[in-house]
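Now for the letters of each chain:
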Amino acid sequence: MDYPNAQPFGVLPNGESVELLTLRCGRLSCELLTYGGALRSLTVPDRDGRPVDVLLGLERLEDYLLQDKFLGALVGRYANRIAKGRFTLNGQEYRLQTNDGENHLHGGPTGFDKQVWTLEALTESTATLSLHSPDGQEGYPGDLDVRVNYRLTEEGLELDYWAESSRDTLCNLTNHAYFNLSGHQSGPVTAQGIQIYAQSYTPTDAGSIPTGEVAPVAGTPMDLRSGRAIGEKVDEDFPQLTMAGGYDHNYVLDGPAGVLRPAARAWSAHTGIAMEVLTTQPGIQFYSGNYLDGCPAGKGGAPYAKRWGFCLETQTFPDAPNRPQFPTALLPKGAVYRQTTVYRFARLP
């Protein structure tokens, strides 16, 4: 079916076509790609009503193939890291493809971010994409069918995730959008504010694998409960920050998982744009864009570099399959995986 808000965006080396989808609702608009389900732009009004594109994105499909930053993409089967690419399920050890040193990151070298999703439905303000991941892909058990619905409202963007597997498997899906609330081309986000509703976080080792501890944020630079500038303590001499080059940590969100609740808030005093993130997930990965260097030039030739964007990736905890004390990432055969994340925008007073 031909849709007026779908247009060609390029062709992969294997001949698969990629489409660019445009959603609109009120004064908001959003672009996404069938390649990796990637969010390419999200335009919202600033304090004076002028449109601002607050998402990092690229001009050409070729640039998406070159980049290794997961720019705007849907990631799975497992968002974040699994130590040494191994886990045991029902007494059997599974070995996954490794793509982050000895570890498995964001679903592996050909994860969901590097596949073309099927466009199931498209309206002026909604899009539904689906993907079939066969048994054994990247080492995971079970045929996994996934659907993600994108819904643009007058307040923001809602993502609803659904998945079902033919065997017991792991499932942990997220979106890797990079936000810059001063505008995607405006430079580093260090002056922008961040607040995360979490009393604790999961410290990591030098390879960004959780140690298994759930540590309080109180009294450390990891404490973002009251809100402060991203750059205020990002380079502080604190082992968790120095090892990761800044913030790149999973926060244990307040409130019960499975219930849509506020997780984080960010804002730009420059544009007056504020964003609230709500989710049903137990955790959120705050990444301060420490390794954006080497990214291809962005839309309009914007020279994306270190800390030009930040991520708030809603998720189950990293390495949960190897940490029984963490919330489970098990998706039993026949059970339905459902998660929701909302990005809601407002103007600063």
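Right above here is the structure, for reference.
Residues numbered from 1 in each chain as written. Predicted model: local features only at pLDDT ≥ 70, side-chain atom pairs only at ≥ 80, totals over all residues. Heavy atoms only, no water.

(A) Quick peek at unusual backbone geometry. Residue glycine 76 is joined to arginine 77 through a cis peptide bond whose omega torsion reads 5°. In this structure, arginine 77 sits in the loop between strand S6 (74-75) and strand S7 (81-82). A positive phi is found at glutamate 138, a non-glycine position, where the angle reads about 60°. Within the fold, glutamate 138 resides in the loop between strand S12 (126-133) and strand S13 (144-152). Glutamate 138 gets classed as buried once you look at its relative accessible area, which sits at 11%. In this structure, aspartate 319 is a non-glycine residue whose phi angle is positive, near 55°. For aspartate 319, the location among the structural elements is in the loop between strand S25 (311-315) and strand S26 (330-331). Classification of aspartate 319 by relative accessible area gives buried; the value is 2%. (Helix = DSSP H or I, 4+ residues; strand = E, 2+ residues; numbered from the N terminus. Buried < 20%, exposed > 50% of the residue type's maximum accessible area, 1.4 Å probe, protein only.)

(B) Region of the structure containing the layout of surface pockets. Approximately 550 Å³ is the volume found for the largest pocket. Lining the largest pocket are 24 residues; nearest its centre among them are Arg81, Asp100, Leu105, Asp248 and Tyr287. Residue assignment for the lining of the largest pocket shows that the elements contributing at least two residues are helix H2 (239-244) and strand S24 (283-287). Among the residues making up the lining of the largest pocket, the classes are represented as 9 nonpolar, 8 polar and 7 charged. Taken as a whole, the second largest pocket encloses approximately 170 Å³ of empty space. Gln281, Thr316, Thr328, Tyr337 and Gln339 are, among the 16 residues lining the second largest pocket, the residues nearest its centre. Those elements giving two or more residues to the lining of the second largest pocket turn out to be S26 and strand S27 (336-347). (1 Å grid on protein atoms, 1.4 Å probe; cavity = no way out; pocket = protein on both sides within 12 Å on 5 of 7 lines; lining within 4 Å. Points joined across faces, edges and corners; volume = space filled by probe spheres on them. Nonpolar A, V, L, I, M, F, W, Y, C, P; charged D, E, K, R; others polar.)

(C) Up close: the sheet that holds strand S21 (residues 248-253). Reading across the sheet, the 5 strands line up as S19-S18-S21-S24-S25 and stay open at both edges, with antiparallel pairing between neighbours. Looking at strand neighbours, the two that pair on one side only are strand S19 (215-216) and S25, the edges of this open sheet. Taken together, the 2 bridges between strand S18 (residues 198-202) and S19 define a ladder with antiparallel strand orientation. Paired with tyrosine 201 across the strands is alanine 215, a residue of S19. (Pairing = 2+ DSSP bridges.)

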